[in-house]
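The lines below spell out each chain.
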Amino acid sequence: MQRLKDTSFYGEAIHEITYSFGNYYLFDGFVVAEINEDVVFTWEQHGKIVTKDLTDLYDTNGDNIVLITNRINPYSVKPADWVHFFKHSYKLKGYAIVTYSHPSYLNALLEKLFLNTLFKRFRSLNNAIEWAKSITHNRTRAS
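Residues numbered from 1 in each chain as written. Predicted model: local features only at pLDDT ≥ 70, side-chain atom pairs only at ≥ 80, totals over all residues. Heavy atoms only, no water.

Draft legend 1. Up close: helix α1 (residues 43-58). Compared with the 22 Å implied by 1.5 Å per residue over 16 residues, the 20 Å span of α1 between its first and last C-alpha is markedly short. All of the buried residues in α1 are W43, H46, G47, V50, T51, L54, T55 and Y58. Buried residues in α1, looked at end-on, bunch into an arc of 130°, giving them a common side. Among the exposed residues of α1, those pointing more than 90 degrees away from its buried face are E44, Q45 and L57. At its buried positions, α1 is contacted by β1 (15-19), β2 (22-26), β3 (30-35), β4 (40-41) and α2 (82-87). At the N-terminal boundary of α1, the capping side chain belongs to T42, with an oxygen 3.2 Å from the backbone nitrogen of Q45. (Helix = DSSP H or I, 4+ residues; strand = E, 2+ residues; numbered from the N terminus. Expected span 1.5 Å × (residues − 1). Buried < 20%, exposed > 50% of the residue type's maximum accessible area, 1.4 Å probe, protein only. Arc of directions from axis to C-beta. Contact = heavy atoms within 4.5 Å. Polar contact = N/O pair within 3.5 Å; in protein donor to acceptor, adjacent residues only side chain to side chain.)

What follows is the structure, given as structure tokens:
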């Protein structure tokens, strides 16, 4: 299990947002989220706030952003709440979940059922970040 702050990528972050429920690290083209232990992540209490902040900061609806959730802490996500995200015309270029346990992996599979975007699961934060960078690089090259 590896926190973003303990990697060489931390120095590349362009901004960090600390909420009472977790930390978000912003990079060029992707975001790494680390949610606090025992949070039950919902659209109304968490997702709406984060989405508004990130879309304002990146000046986008998210279609060119990759979101990585680094699941270093046990917490819950209300998977059906992804419907609200997409219903409000938000998008993601990709979504990666870094899991470190079997229950977390099973939760990721359930969450995937509600997503309408490129999805990948990793066991390493470094690999997830390299994947996000490759997607961003492909977007830039295609432009």
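Alright, that's what it looks like, and here's the rest.
Draft legend 2. Quick peek at a nonpolar patch on the surface. On the surface, V83, L110, L113 and F114 cluster together into a nonpolar patch covering about 380 Å² of accessible area. When you line up the elements, F114 lands in the loop between α3 (102-112) and β8 (118-122). (Patch = residues over 30% accessible without salt bridge, like charges linked within 9 Å, V, L, I, M, F, W, Y side chains within 5 Å. Areas by Shrake-Rupley, 256 points an atom, 1.4 Å probe, with all protein chains shown as cover. Salt bridge = Lys/Arg side-chain N within 4 Å of Asp/Glu carboxyl O.)

Draft legend 3. Representation of the pattern of salt bridges in the model. Counted by the stated rule, this structure contains five salt bridges. Taking the shortest distance from any N to any O, the salt bridge between E16 and K5 comes out at 3.6 Å. Placement of E16 in strand β1 and of K5 in the segment before β1 is noted, with a sequence separation of 11 residues between them. The partly exposed category is assigned to K5, whose relative accessible area is 44%. Across the pair E44 and K48 runs a salt bridge, and its minimum N-O distance is 3.0 Å. Of this pair, E44 and K48 both sit in helix α1, separated by four residues, roughly a single helical turn. For K48, a relative accessible area of 37% gives the class partly exposed.

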